[in-house]
Amino acid sequence: MVEQAPILPEHTEALGDGVYAIDTGFQRPRFDAAYLVVEGAHAAFIDTGTNFAVPRLLEALSALGLPREAVDYVIPTHVHLDHAGGVGLLMRELPRATLVCHPRGLRHLIDPTQLWASATAVYGETEMQRSYGQLVNVPTERAMASADDMVLDLGGRPLRLIDTPGHAKHHHCIWDGRSRGWFTGDTFGLSYREFDVEGRAWALPTSTPVQFEPEAMKASIQRLLATSPNCMYVTHYGRVRDVPRVAALLIDLIDRMVAVARDAQAERHARLKRELLAVYADSLRLHGCTLSDADVAQLLATDLELNAQGLEVWLDKR
């Protein structure tokens, strides 16, 4: 008798090798992903989205016939709220799960007071409640810090974590040898499916404030490439193949973004946004994308703002 494949919710996509991408619903469809890795009777969530994503994550788990006790680990790639805002609420629903977080970010999930205050200073209280919901803390005894080259055992399936600064100092990536793929958070950039051309992905780096470091980001990308991965599982959004080509594109764009930042003087923020849009639109034309500059600007509106802010912070630090 052939066992039938489970019927998955519309927001969950099976990627093979026990890896599932879950659209968290943040901002727009296919903008923000959480990943579920399943090995036999064991499971791990990598990135969670916000509090509002938690019902989707639990629905995906249930659709696969897994009890909540099956989840061994919750692993945010870093503590920015689109990746880790739902960690505390999700952990409440998973009685056996351990939180595994970069050591620089762990305290902010055990006590999210400072994380909430920092994000509220940027977005305002109303937007924070609308987009993220109130953050929930994780008990200390249920949390552990990752270490560079640490290996977790997921039911006999090793998951290797490495330190990957550049986007944030509290960022690690997770290597899954079974699928030969990295869960990259924001280290391997943003790759929205609207910009795919004939199945080929385009990606742009993210310099979200306040810890962007271009040379560190390039070094982290090179470290990911050293394993000759078959794919990257990016949070924004989904699985990316043709890894060497996309990596070369990202490194080129990092250099071009830095050049734009160094040249910006008067009306710096507005100029940075204009010139970043020009860089991305030019790169997309070379990629073969036929979207208008206006459409590109609309799709990248949030990223243009955040990347400009992050570049300004980097310039001021210099």
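This text follows the structure it describes.
Cut-offs applied
One numbering rule holds for all chains: residues counted from 1, following each sequence as written. Local features in this predicted model are restricted to residues of pLDDT 70 or higher, and side-chain atom pairs are both shown and tallied only at a pLDDT of 80 or more, whereas totals for entire chains, interfaces and linings draw on every residue. To obtain the side-chain values, all non-hydrogen atoms of the structure were used and water was disregarded. By definition, any uninterrupted DSSP run of H or I lasting at least four residues is a helix, any uninterrupted run of E lasting at least two residues is a strand, and each is numbered from the N terminus. We compute the radius of gyration over the C-alpha atoms and compare it with the globule rule, which gives 2.2 Å times the number of residues raised to the power 0.38. When a residue's accessible area, from a 1.4 Å probe over protein chains only, is under 20% of the maximum for its type it is buried; when over 50% it is exposed; and in between it is partly exposed. Residue contacts are counted whenever heavy atoms from the two residues lie within 4.5 Å of one another. We place a 1 Å grid over just the protein atoms. Points where a 1.4 Å probe fits but has no way out form a cavity, open points with protein on both sides within 12 Å along at least 5 of 7 lines form a pocket, and any residue with an atom within 4 Å of a point lines it. Grid points are joined across faces, edges and corners, and a volume is the space filled by probe spheres set on the points. Nonpolar residues are Ala, Val, Leu, Ile, Met, Phe, Trp, Tyr, Cys and Pro. Charged residues are Asp, Glu, Lys and Arg, and all others, Gly as well, are polar. In this scheme, strands are said to pair when DSSP sees at least two bridges between them. Geometry is summarised by axes, namely lines fitted to C-alpha atoms with helices restricted to the contacting stretch, and by angles between N-to-C directions that run from 0 to 180 degrees. By convention in this document, the label disulfide applies to cysteine sulfur atom pairs within 2.5 Å. Orientation categories follow fixed angle ranges, with anything under 35 degrees roughly parallel, anything over 145 roughly antiparallel, 65 to 115 roughly perpendicular, and all other angles oblique. Crossings are classed by handedness, with left-handed meaning an anticlockwise turn of the near helix from the far one by less than a right angle and right-handed meaning a clockwise turn. Definition used for salt bridges: Asp or Glu carboxyl oxygen within 4 Å of a side-chain nitrogen of Lys or Arg.

## Structural notes on the overall build of the protein
Item 1. When you go through the protein residue by residue, the secondary structure sums to eleven helices and 13 strands.
Item 2. Radius of gyration (C-alpha) of the protein: 19 Å, near the 20 Å computed for a compact globule of 318 residues.
Item 3. Dimensions of the protein, computed from the C-alpha atoms along their principal axes, are close to 60 × 45 × 35 Å.
Item 4. Here the protein holds 318 residues, and 57% of them are scored as buried.
Item 5. Of the contacts formed within the protein by residues at least 6 apart in sequence, a portion of 68% connects residues at least 24 apart.

## Remarks on empty space enclosed by the protein
To find the voids left in a structure, one rolls a probe of water-molecule size over its atoms.
Item 1. Applying the stated criterion to the full structure yields one cavity of 30 Å³ or more.
Item 2. If you go around the largest cavity, the residues you meet are Ala84, Gly85, Val87, Gly88, Leu109, Pro112, Leu135 and Val136.
Item 3. A class-by-class count of the residues in the lining of the largest cavity yields six nonpolar, two polar and no charged.

## Remarks on the layout of surface pockets
Item 1. The volume enclosed by the largest pocket comes to roughly 980 Å³.
Item 2. Around the largest pocket, the lining is made up of 37 residues, and of these His80, Ala119, Tyr123, Thr208 and Pro209 lie nearest the centre.
Item 3. Looking at the lining of the largest pocket, the elements that each hand over two or more residues are helix H2 (81-84), helix H4 (106-110), helix H5 (113-123), helix H6 (125-131) and helix H11 (301-317).
Item 4. With six residues, the top contributor of residues to the lining of the largest pocket is H5.

## Notes on the sheet that holds strand S12 (residues 231-234)
Item 1. One open sheet holds the six strands; their spatial order is S8-S9-S10-S11-S12-S13, and the pairing between them is mixed. Only two strands of the sheet have a single partner each, and these edge strands are strand S8 (150-154) and strand S13 (238-240). Recorded for the sheet is a direction-independent mean angle of 25 degrees between the axes of neighbouring strands.
Item 2. Relative to strand S11 (residues 181-185), strand S10 (residues 172-176) is paired through three bridges, and the arrangement is antiparallel. Looking at the pairing, Asp176 lines up with Gly181 of S11.
Item 3. Contacting strand S9 (157-163), S10, S11 and S12, helix H7 (residues 214-225) runs over the sheet at an angle of about 155 degrees to S9.

## Considering the sheet that holds strand S4 (residues 42-46)
Item 1. Across the sheet, seven strands lie side by side as S1-S2-S3-S4-S5-S6-S7; this open sheet has mixed pairing. In this open sheet, the two edge strands, each paired with only one partner strand, are strand S1 (12-16) and strand S7 (143-145). Between one strand axis and the next, the sheet turns by 25 degrees as a mean value, whatever way the strands run.
Item 2. Of the pairings in the sheet, the one linking strand S2 (residues 19-23) to strand S3 (residues 33-39) comprises five bridges and is antiparallel in character.

## Section: the state of the cysteines
Item 1. Across all of its chains, the model carries zero disulfides by this definition.
Item 2. Of all cysteine sulfurs in the structure, the one in Cys173 sits closest to Cys101, which takes part in no disulfide; the separation is 13 Å.
Item 3. With relative accessibility at 0%, the residue Cys101 sits in the buried group.
Item 4. Of all cysteine sulfurs in the structure, the one in Cys231 sits closest to Cys173, which takes part in no disulfide; the separation is 13 Å.
Item 5. The buried category is assigned to Cys173, whose relative accessible area is 0%.

## Thoughts on the packing of helix H9 (residues 268-287) against H11
Item 1. Interhelical geometry of H9 versus H11 gives an angle of 120 degrees and a closest axis separation of 9 Å. Taken as axis vectors, H9 and H11 run oblique relative to one another. Crossing hand, H9 versus H11: right-handed. Along the contact surface, H9 presents Arg268, His269, Leu272, Lys273, Leu276, Leu277 and Tyr280, while H11 presents Leu304, Glu305, Asn307, Ala308, Gln309, Leu311, Glu312, Leu315 and Asp316.
Item 2. Among the residues forming the contact of H9 with H11, the class breakdown is eight nonpolar, three polar and five charged.

## What to know about the pattern of salt bridges
Item 1. Within this structure, the stated rule accounts for 21 salt bridges.
Item 2. With a shortest N-O distance of 3.4 Å, Arg28 and Glu194 are connected by a salt bridge. With a gap of 166 residues between them, Arg28 in the loop between S2 and S3 and Glu194 in the loop between S11 and H7 connect regions that are remote in the sequence.
Item 3. Put simply, Glu39, Arg157, Asp176 and Arg178 are held in one network by salt bridges that share partners.

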